[in-house]
Amino acid sequence: VDTWAPGTKLINNIIHDTRLGPAMWKEASDAEAYGNIVYNNGFQASDRGHGHGFYVQNETGTMNIANNIVFDQFDNGLQFYGSGAASEKNFIVQGNISFNNGSISTNSAMADDVIFVNTNGVSGVQLLNNYFYFTPQLGRGYNEMGWPGPNQDIVVKGNYFIGGFQPVVISDWASVVFQNNTIYTDEYLMAFATANPPTGYIWDSNNYYGNGIFSYNGTGTFLSGWQGWTGYDLHSVFSSHAPTGVWTFVQPNKYETGR
């Protein structure tokens, strides 16, 4: 499914075993993908697995990606990515479930459940109440929010980042809100990088589980060191074990009563 059309809506589709899942390009301003189930997309090449669940770009208006279930691609799950000729601006990404993407490639080389990257920078991102999961025992997989570059503003609230080698990677943003998220891994909980000392970030009230290692500009530390270096997470909670019990979430589908 490729769209360049403004106002496109992709609703409650099941899309699987294609070379690439839905691709929504920058011309498709104010488009929406809602309630889709997207899995087993991509292909194996000699270098790695290729093909994503969603490939999304945007220039004007707001792109809405909500309540989709995206899993087991050959490469990334939700990819917001482009070169300098593309644009990554103004996204509301809410209530999605994205898990074990990259798992069907050779050697199950886990990729990203979600990634936001553009060589000219990313702006206007709202990542809200999503569920990102990699099988914790494998210790592979990422969720990457920005690579080094002039990224502008991102809000990350109420998400679950479970499993992965680096379940949260945040790099070079002018403005960050990171609150009420739950992160668990026995690898690196957080990989944070910035070329300039961050000021004005809102970063607190998160729940961390696992080994408790944070990386700040390539140097590892534990929660107390992370708090001392950054001033972040002063009211956050760390537990040196895996989460326990069963967490259950039910999301009604706004386009189909009873679903």
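Structure first, text after, so check above.
Read on for a plain summary of the structure. (Residues numbered from 1 in each chain as written. Predicted model: local features only at pLDDT ≥ 70, side-chain atom pairs only at ≥ 80, totals over all residues. Heavy atoms only, no water.)

## Describing the overall build of the protein chain
Each helix and strand counted, the protein chain has one helix and 29 strands in total. At 17 Å, the protein chain has a C-alpha radius of gyration in line with the 18 Å of a compact globule built from 259 residues. Dimensions of the protein chain along its principal axes, counting C-alpha atoms only, are 50 × 45 × 35 Å. Residues counted as buried form 53% of the 259 residues belonging to the protein chain. Partitioning the intrachain contacts of the protein chain with sequence separation of at least 6 by distance along the chain shows that 65% fall at a separation of at least 24. (Helix = DSSP H or I, 4+ residues; strand = E, 2+ residues; numbered from the N terminus. Rg over C-alpha atoms; globule rule 2.2 N^0.38 Å. Buried < 20%, exposed > 50% of the residue type's maximum accessible area, 1.4 Å probe, protein only. Contact = heavy atoms within 4.5 Å.)

## Quick notes on the nonpolar core
Within the largest apolar cluster, 43 residues are counted, with the highest numbers of intra-cluster contacts made by Phe116, Phe178 and Trp203. Non-local contacts of Phe116, meaning those with residues more than four positions away in its chain, are made with Phe80, Phe91, Val93, Val122, Val125, Leu127, Glu144, Met145, Gly146 and Trp147. (Core = buried A, V, L, I, M, F, W, Y, C linked by side-chain atoms within 4.5 Å.)

## Observations regarding helix α1 (residues 223–230)
Listing the buried residues of α1 in full gives Leu223, Gly225, Trp226 and Thr230. When α1 is viewed along its axis, its buried side chains cluster within an angular range of 160° and face the same direction. Residues Ser224 and Gly228 are exposed on α1 and point more than 90 degrees away from its buried face. Phi for Gly231, located one or two positions after α1, is positive at around 80°. (Arc of directions from axis to C-beta.)

## Structural notes on the pattern of salt bridges
Summed over all chains, the structure comprises five salt bridges. Here Lys9 and Glu32 are joined by a salt bridge, their closest N and O atoms 2.8 Å apart. On the criterion of sequence distance, the pair formed by Lys9 in strand β2 (residues 9–11) and Glu32 in strand β5 (residues 32–34) is long-range, its members being 23 residues apart. For Lys9, a relative accessible area of 49% puts it in the partly exposed group. With a relative accessible area of 6%, Glu32 lands in the buried category. Linking Glu32 and Lys254 is a salt bridge whose minimum nitrogen-to-oxygen distance equals 3.2 Å. Residue Glu32 is located in strand β5, and its partner Lys254 is located in the segment after β29 (237–239); the two are separated by 222 residues in the primary sequence. Counted as one network, the salt bridges with shared partners bring together Lys9, Glu32 and Lys254. (Salt bridge = Lys/Arg side-chain N within 4 Å of Asp/Glu carboxyl O.)

## Re the sheet that holds β5
Taken together, eight strands build an open sheet; the order of strands is β2-β5-β10-β13-β16-β19-β22-β25 and the sheet is parallel. The sheet is open, and its two edges are formed by β2 and β25 (202–204), each paired on a single side. Recorded for the sheet is a direction-independent mean angle of 10° between the axes of neighbouring strands. (Pairing = 2+ DSSP bridges. Axes fitted to C-alpha atoms, helices over the stretch in contact; angles between N-to-C directions.)

## A word on the layout of surface pockets
To find leftover empty space, a probe the size of one water molecule is rolled over the atoms. Its volume calculated, the largest pocket comes out at about 320 Å³. Along the wall of the largest pocket there are 14 residues; nearest its centre are Tyr133, Tyr160, Ile162, Trp247 and Phe249. Breaking the lining of the largest pocket down by element, the ones donating at least two residues are β14 (97–99), β17 (131–133) and β20 (160–162). Counting residues per element, the lining of the largest pocket draws most heavily on β17, which supplies three residues. Its residues placed into classes, the lining of the largest pocket shows twelve nonpolar, two polar and no charged. The space that makes up the second largest pocket amounts to roughly 260 Å³. Together, 16 residues line the second largest pocket, and Asn67, Ile69, Ile97, Gln251 and Asn253 are the ones closest to its centre. Among the residues forming the lining of the second largest pocket, the class breakdown is seven nonpolar, eight polar and one charged. (1 Å grid on protein atoms, 1.4 Å probe; cavity = no way out; pocket = protein on both sides within 12 Å on 5 of 7 lines; lining within 4 Å. Points joined across faces, edges and corners; volume = space filled by probe spheres on them. Nonpolar A, V, L, I, M, F, W, Y, C, P; charged D, E, K, R; others polar.)

## Quick notes on the environment of Gly212
The topology assignment puts Gly212 in the loop between β26 (207–210) and β27 (213–216). Measuring from C-alpha to C-alpha, the distance between Gly212 and Asn96 comes to 26 Å, with 116 residues separating the pair along the chain. Once residues lying within four places of it in the same chain are set aside, the contact partners of Gly212 are Leu189, Thr221, Phe222, Leu223 and Phe238.

## Quick word on the sheet that holds strand β23 (residues 182–185)
Remark on secondary structure: sheet strands pair via backbone hydrogen bonds, oriented parallel or antiparallel. Strands sit in the order β3-β6-β11-β14-β17-β20-β23-β26-β29 across an open sheet of nine strands; the sheet is parallel. Both edges of this open sheet fall to β3 (14–16) and β29, since each of them pairs with a single strand only. When the angles between neighbouring strand axes are averaged without regard to direction, this sheet yields 5°.

## Things to note about the packing of aromatic side chains
Within this structure, the stated rule accounts for 31 aromatic pairs. Consider the rings of Trp25 and Tyr55, whose centres lie 5.1 Å apart with planes at 50°: the pair is tilted. Here Trp25, found in the loop between β4 (23–24) and β5, pairs with Tyr55, found in strand β9 (residues 54–56); they are 30 residues apart in sequence, far enough to count as distant. No difference in accessibility class separates Trp25 from Tyr55, as the two residues are buried. Seen in terms of ring centroids, Phe71 and Phe99 are 4.7 Å apart; in terms of plane orientation they differ by 0°. Their pairing is stacked. Residue Phe71 is located in strand β11 (residues 69–71), and its partner Phe99 is located in strand β14; the two are separated by 28 residues in the primary sequence. (Phe/Tyr/Trp six-rings, centres within 6.5 Å; stacked < 30°, edge-to-face > 60°.)

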